[in-house]
Amino acid sequence: MAQRYVRVKTKKGQTYYGKLQLDRSVLVLDAPPWLDGGETDLVLEVDEYLLLAPCAPSKIIAVGKNYASHAAEMGSEVPKEPLIFLKPPSSIIAHEQTIYYPKQSQRVDFEGELAVIIGDRTKNCTLEEATTKIWGYTIANDVTARDLQKKDGQWTRAKGFDTFCPLGPWIVRELTSGAKLETIINEEEKPKQSALLEDMVFSPAEIVAYVSQIMTLLPGDVILTGTPEGIAPMQIGDTVSIEIESIGVLTNTIEAIPD
């Protein structure tokens, strides 16, 4: 099994990066792993920590319509270059935390995606250099208020609500060849989304190189690489699970915002 890198909070409120062990204990690092964090003598047992989102980025860059099948279901053509937008870091939640259904929306969709973690300061890099700037991979759900996206004409509100970027559960360094993404609602046998990562129009390295021509990427920043076809609305009470082979499963439940 590939090494899994996590970010956790102790019962005393201390936040650490670490390596997840087979017994679910965490070997604590003295810095984020992409900043050459080294192993310490501290080990947290499974009952001594809460799993957080695996990084705390300065920004989240996302890519729209990066699978031809998804562009088609949205009634549009594949973009000639990556179609990028931003999600606020305040939208991030961890594995098994709650997605809250905003009162302003009548349709909130899931969008299962591969997320890329940047490992080094990146500006104006080439495609070849971009492959060395990707430190690892995790899973994301680019939750979207679809009705507000159509109403506003731009995507900030629809994509930016608190809890609209589940991320995790951990980071791995490599992906297996032919890895597949699947999204499942309420443990149904048939997935709503099922696609090979290699079906992306623009590869992760191409996206990193493109974005770096626009803005400086910092260590720990996150890029969401787009969702395949099969998007659908979630209902209050639903549980959505996104699985990517060689990473794991990201699961969250949808609830109404408390009054």
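See above for the structure.
Reading guide: rules and limits
Residues numbered from 1 in each chain as written. Predicted model: local features only at pLDDT ≥ 70, side-chain atom pairs only at ≥ 80, totals over all residues. Heavy atoms only, no water. Helix = DSSP H or I, 4+ residues; strand = E, 2+ residues; numbered from the N terminus. Rg over C-alpha atoms; globule rule 2.2 N^0.38 Å. Buried < 20%, exposed > 50% of the residue type's maximum accessible area, 1.4 Å probe, protein only. Contact = heavy atoms within 4.5 Å. Areas by Shrake-Rupley, 256 points an atom, 1.4 Å probe, with all protein chains shown as cover. Lys, Arg positive; Asp, Glu negative; His and termini not counted. Charge placed at Lys NZ, Arg CZ, Asp CG, Glu CD. Pairing = 2+ DSSP bridges. Axes fitted to C-alpha atoms, helices over the stretch in contact; angles between N-to-C directions. Polar contact = N/O pair within 3.5 Å; in protein donor to acceptor, adjacent residues only side chain to side chain. Salt bridge = Lys/Arg side-chain N within 4 Å of Asp/Glu carboxyl O. Core = buried A, V, L, I, M, F, W, Y, C linked by side-chain atoms within 4.5 Å.

A.B. asks: Before we go on, may I ask you to explain the overall build of the chain in this structure?
C.D. replies: In terms of regular secondary structure, the chain is built from five helices and 20 strands. Here the chain has a C-alpha radius of gyration of 18 Å; the compact-globule value for 259 residues is 18 Å, and the two agree. Considering only C-alpha atoms, the chain reaches an extent of 55 × 50 × 30 Å along its principal axes. In the chain, which comprises 259 residues, the proportion classed as buried is 53%. Counting only contacts in the chain whose residues sit at least 6 apart along the sequence, the fraction spanning at least 24 positions is 71%. Taken as a whole, the chain presents about 11900 Å² of accessible surface, with 49% of it coming from carbon and sulfur. Averaging the locations of the 25 positively and 37 negatively charged side chains of the chain gives two centres separated by 6 Å.

A.B. asks: How should the environment of Ala 72 be read in this particular structure?
C.D. replies: Positionally, Ala 72 belongs in helix H1 (residues 68-73). Classification of Ala 72 by relative accessible area gives exposed; the value is 52%.

A.B. asks: Where do I start with the sheet that holds strand E20 (residues 248-256) in this structure?
C.D. replies: The strands making up a sheet associate through hydrogen bonds between their backbones, and the pairing can be parallel or antiparallel. Judged by pairing direction, the sheet is mixed, and its five strands sit side by side in the order E9-E20-E19-E15-E16 without closing on themselves. The outermost strands of the open sheet, each flanked by one partner alone, are strand E9 (98-101) and strand E16 (193-196). Averaged over all adjacent pairs, the angle separating strand axes in this sheet is 20°, with direction ignored. With four bridges joining them, strand E15 (residues 180-185) and E16 adopt antiparallel strand pairing. Across the sheet, the residue bridging to Glu 182 is Ser 194, located in E16.

A.B. asks: Looking at this structure, I do not really get the sheet that holds strand E10 (residues 108-109). What am I missing?
C.D. replies: Taken together, three strands build an open sheet; the order of strands is E13-E10-E18 and the sheet is antiparallel. The open sheet has two free edges, formed respectively by strand E13 (144-145) and strand E18 (233-234), since each of these has just one partner strand. Strand direction decides the pairing type here: E10 and E18, joined by two bridges, are antiparallel. For Asp 109, the partnering residue across the bridge sits in E18 and is Pro 233.

A.B. asks: Sorry if this is basic, but what is going on with the side chain of Lys 59 here?
C.D. replies: Note on placement: Lys 59 falls in the loop between strand E5 (49-51) and strand E6 (60-64). The buried category is assigned to Lys 59, whose relative accessible area is 16%. A distance of 3.4 Å separates polar atoms of two side chains, one belonging to Lys 59 and the other to Ser 58. If we skip the residues at most four places from it in the chain, Lys 59 touches Pro 89, Met 215, Thr 216, Leu 217, Leu 218, Asp 221 and Val 222.

A.B. asks: When you look at the pattern of salt bridges in this model, what are you seeing that I'm missing?
C.D. replies: Taken as a whole and judged by the stated rule, the model has eleven salt bridges. Between Arg 146 and Asp 109 there is a salt bridge, with its nearest N and O atoms 2.9 Å apart. With a gap of 37 residues between them, Arg 146 in helix H3 (residues 146-152) and Asp 109 in strand E10 connect regions that are remote in the sequence. One exposure class covers both Arg 146 and Asp 109, and it is buried. Taken together, the salt bridges that share partners define one network made up of Lys 87, Arg 107, Asp 109, Glu 111, Asp 142, Arg 146 and Lys 159.

A.B. asks: Just checking my understanding: could you explain the nonpolar core for this structure?
C.D. replies: Judged by nonpolar contacts, the single largest core of 55 residues is most densely connected at Leu 197, Val 208, Ile 223, Val 240 and Ile 247. A per-element tally of this core places helix H5 (residues 204-212) first, with five residues. With residues up to four places along the chain from it excluded, the contact list for Leu 197 reads Tyr 67, Leu 114, Leu 175, Ala 179, Leu 181 and Ile 244. In terms of nonpolar packing, the next biggest core, distinct from the first, is built from 19 residues, Ala 53, Ala 62, Cys 165 and Leu 167 among them.

A.B. asks: What exactly am I supposed to notice about the pairing of strand E2 (residues 15-20) here?
C.D. replies: A regular strand places its side chains so that they alternate between the two faces of the sheet. Pairing of strand E1 (residues 4-10) with E2, which is carried by six bridges, proceeds in the antiparallel orientation. Considered in E2, the bridge of Val 6 is made with Gly 18. Connecting E1 to the next strand, E2, in antiparallel fashion are four residues, including Gly 13 with a positive phi near 90°. Pairing between E2 and strand E3 (residues 26-29): three bridges, direction antiparallel. Paired with Lys 19 across the bridge in E3 is Leu 27. Linking E2 to E3, which pair antiparallel, is a turn of five residues; within it Arg 24 sits at a positive phi near 75°.

A.B. asks: Would you mind going over unusual backbone geometry with me for this structure?
C.D. replies: Keep in mind that most residues, glycine aside, have a negative phi and that most peptide bonds are trans. Cis geometry marks the peptide bond from Gly 168 to Pro 169; its omega dihedral reads 0°. Secondary-structure assignment places Pro 169 in strand E14 (residues 165-172). The phi angle at Lys 65 is positive, at roughly 55°, despite the residue not being glycine. Considering the arrangement of structural elements, one finds Lys 65 in the loop between E6 and H1.

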